[in-house]
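# Fold and geometry: a report
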Amino acid sequence: MGRLAPLLAPLLIVAAIAGALLLLLTAGGHDVGVALEALGRGAFGSNYAFFSGTLVRSVPLILAGLAVALAFRAGILNIGAEGQLLAGAGAAAAVGIVLGDRLGMLAVPAVLLAGMILGAAWAGIAAVLRSRFGVLEVISTIMLNFVALYGVGWLVHGPLQEPSRIYPQSLPLPEVARLPMILPGTRLHLGFLLALVAAAVTWYALRHTAAGFRVLMTGANADAARSAGRIRVARTMTGAFLASGALAGLAGASEVSGVTFALYENLSPGYGYTAIAVALLARLEPWLVVPSGIMFGALEAGAAAMQRDAGVPASVVTVVEAAVILIVLAAGQMRALGVTAAAAVEAER
């Protein structure tokens, strides 16, 4: 039973998601069977649905989920993955459109690197506000989300708008700046493999490097890490913040260069916010972020099919995703209270 314990919580959460979905569909007066069939068909109904829908949608969720997990591990409440993703998407689009043809084979690396750099820089604003002025990152990152959102709007209505000035979007990226497809006949692009590599690197860095150890110790207890571990807490948190922003920026860059091939005003349907649920469901473990991201990718893909084929609003799935966050937080609080109570009983003995 001890070996199965780590898997028990995710299974219970998945069961809670299914239960919440059934309740919402029933309460809304929808045909539960038809709705669930449409959801399943949209997520897993065919090879194309799975590879071009579920897995493609999971790419930004995995990368942004890793960003959130890394920040939370360091004790940083980075709620700004959405803004960092949008900033990365804007930078990637600008580099791809302006320099893509000139860079040739280097266009794709340049596009991805630009997204990572601006994503890190966007997180760096909140990091500086925290370290120099004591501004809580929860507040600053949420506010920066809106700045990034309106910044993308300015780009697609201004300097990057397509020449006819009719549509709020940029010119398409040249072919040389687009991520290659890795499975013929589908829309699954190289970004999925990059997300898997990012998860493996993040896991290895946290578990087997000195920098990762400092991040974990800082997140566990910053005061103890500073006094007993002689860890430079401020520098460690800033580094984790920047790395988190880079991962979120990579999510935006992969979306632009692998899916939309252009910058749009509503590029992200809230991937950065859903990433919080992805990370929490994975218990902030990088290797668990991958299946968690795929599961939420399935929900996103299935929600579109459910709305199209069964007339069920896609917002139903959004409510379920929000419920996941509450369930995970409540479970964590109950677990912490249980540990505290057990420690108190042991002390009395």
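For the structure, check the block above.
Within every chain, residues take consecutive numbers counted from 1 along the sequence as written. Totals for whole chains, interfaces and linings use all residues, but because this is a predicted model, local features are given only for residues with pLDDT of at least 70 and pairs of side-chain atoms are given and counted only at 80 or more. Think of the side-chain values as coming from all heavy atoms in the structure, minus any hydrogens and water.

## Let's talk about the overall build of the protein chain
This is how it is decided: The numbering of helices and of strands both runs from the N terminus, where a helix is a DSSP run of H or I of at least 4 residues and a strand a run of E of at least 2. Computation of the radius of gyration draws on C-alpha atoms, with the globule rule given as 2.2 Å multiplied by the number of residues to the power 0.38. Relative accessible area decides the class of each residue, using a 1.4 Å probe on protein chains only: under 20% of the type maximum gives buried, over 50% gives exposed, and in between gives partly exposed.
Scanning the protein chain from terminus to terminus reveals 13 helices and 0 strands. Going from the N terminus to the C terminus, the protein chain shows its helices and strands as α-α-α-α-α-α-α-α-α-α-α-α-α. By the compact-globule yardstick of 20 Å for 349 residues, the protein chain fits well, its C-alpha radius of gyration being 21 Å. Each of the 349 residues in the protein chain was classed as buried or not, and the buried ones make up 47%.

## Details of the packing of helix α4 (residues 81–103) against helix α5 (residues 107–133)
A pair of packed helices can be characterised by two numbers: the angle between their axes and the separation between those axes. In plain terms, the rule: An axis is simply a line fitted to the C-alpha atoms; with a helix, the fit covers only the stretch in contact. Between two such axes, the angle follows the N-to-C directions and lies from 0 to 180 degrees. Comment on the angle field: the value is read as roughly parallel under 35 degrees, roughly antiparallel over 145, roughly perpendicular from 65 to 115, and oblique elsewhere. Each crossing is labelled by how the near helix is turned from the far one, with a counterclockwise turn of less than a right angle marking it left-handed and a clockwise turn marking it right-handed. Throughout, a residue-residue contact means that at least one pair of heavy atoms, one from each residue, lies within 4.5 Å. Residue polarity is assigned by list, with Asp, Glu, Lys and Arg as charged and Ala, Val, Leu, Ile, Met, Phe, Trp, Tyr, Cys and Pro as nonpolar; anything else, Gly included, falls into the polar class.
Across the interface, α4 lies against α5 with an axial gap of 7 Å and an inter-helix angle of 150°. Our classification of the angle between α4 and α5 gives roughly antiparallel. Here α4 runs over α5; the crossing is right-handed. When α4 is examined against α5, the residues Gly83, Gln84, Ala87, Gly88, Ala91, Ala92, Val95, Gly96, Gly100 and Leu103 are found in contact with a partner set consisting of Ala107, Ala110, Val111, Ala114, Gly115, Leu118, Gly119, Trp122 and Ala123. Per-class residue counts for the contact of α4 with α5 are 12 nonpolar, 7 polar and no charged.

## Brief notes about the side chain of threonine 54
Positionally, threonine 54 belongs in helix α3 (residues 47–73). The contacts of threonine 54, once residues within four sequence positions are left out, are Ala43, Ala49, Ile294, Gly297, Ala298 and Ala301.

## What to know about the side chain of threonine 236
Position of threonine 236 among the secondary structure elements: in helix α10 (residues 233–260). Not counting the four nearest positions on each side in its chain, threonine 236 is found in contact with Arg214, Val215, Thr218 and Ile231.

## With respect to α4
Quick note on the threshold: Every helix has an expected span of 1.5 Å times one less than the residues it contains. Note on bend: at a given residue it equals the angle between the axes fitted to the 7 residues ending there and to the 7 starting there.
The terminal C-alpha atoms of α4 lie 29 Å apart, and with 23 residues this falls more than 12% below the ideal 33 Å at 1.5 Å per residue. At isoleucine 97, α4 shows its largest kink, close to 45°. In the stretch just after α4, glycine 104 is the one whose phi turns positive, near 65°.

## Notes on the environment of leucine 55
Along the polypeptide, leucine 55 turns up in helix α3. Put simply, leucine 55 and aspartate 309 are 254 residues apart on the chain and 21 Å apart in space, counted from C-alpha to C-alpha. Excluding residues within four positions of it along the chain, leucine 55 makes contact with Phe50, Leu188, Phe192 and Ile294.

## Looking at a nonpolar patch on the surface
To keep things clear, this is the line we draw: Candidate patch residues must exceed 30% relative accessible area and have no salt bridge, after which like charges are joined if within 9 Å and Val, Leu, Ile, Met, Phe, Trp or Tyr side chains if within 5 Å. Here, Shrake-Rupley sampling with a 1.4 Å probe gives the accessible areas, and only protein chains in the shown set may cover a residue. By convention in these notes, a salt bridge is any Lys or Arg side-chain nitrogen within 4 Å of a carboxyl oxygen on Asp or Glu.
On the surface, Leu136, Ile139, Met143, Phe146, Leu149 and Tyr150 cluster together to form a nonpolar patch covering roughly 640 Å² of accessible area. In this fold, tyrosine 150 is placed in helix α6 (residues 137–157).

## Side note on the pattern of salt bridges
For the structure on display, the rule yields 8 salt bridges. The residue aspartate 223 makes a salt bridge to arginine 226 at a minimum N-O spacing of 3.1 Å. Here the residue aspartate 223 and the residue arginine 226 both occupy positions in helix α9 (residues 222–227), the gap between them amounting to 3 residues, near one helical turn. On the basis of relative accessible area, aspartate 223 is assigned to the exposed category, the value being 55%. With a relative accessible area of 45%, arginine 226 lands in the partly exposed category. Salt bridges sharing common partners tie together Glu37, Arg41, Arg308 and Asp309.

## Details of the packing of helix α8 (residues 210–220) against α10
For the pair α8 and α10, the least separation of the axes is 10 Å and the interaxial angle reads 110°. Classified by the interaxial angle, the pair formed by α8 and α10 is roughly perpendicular. Contact residues: Arg214, Val215 and Thr218 in α8; Val233, Thr236, Met237 and Ala240 in α10. Tallied by class, residues from the contact of α8 with α10 come to 4 nonpolar, 2 polar and 1 charged.

## Some details on α6
Taking 1.5 Å as the rise per residue, α6 with 21 residues should run 30 Å; its terminal C-alpha atoms sit 30 Å apart, in good agreement. On its buried face, α6 is in contact with α4, α5, α10 and α11 (271–281).

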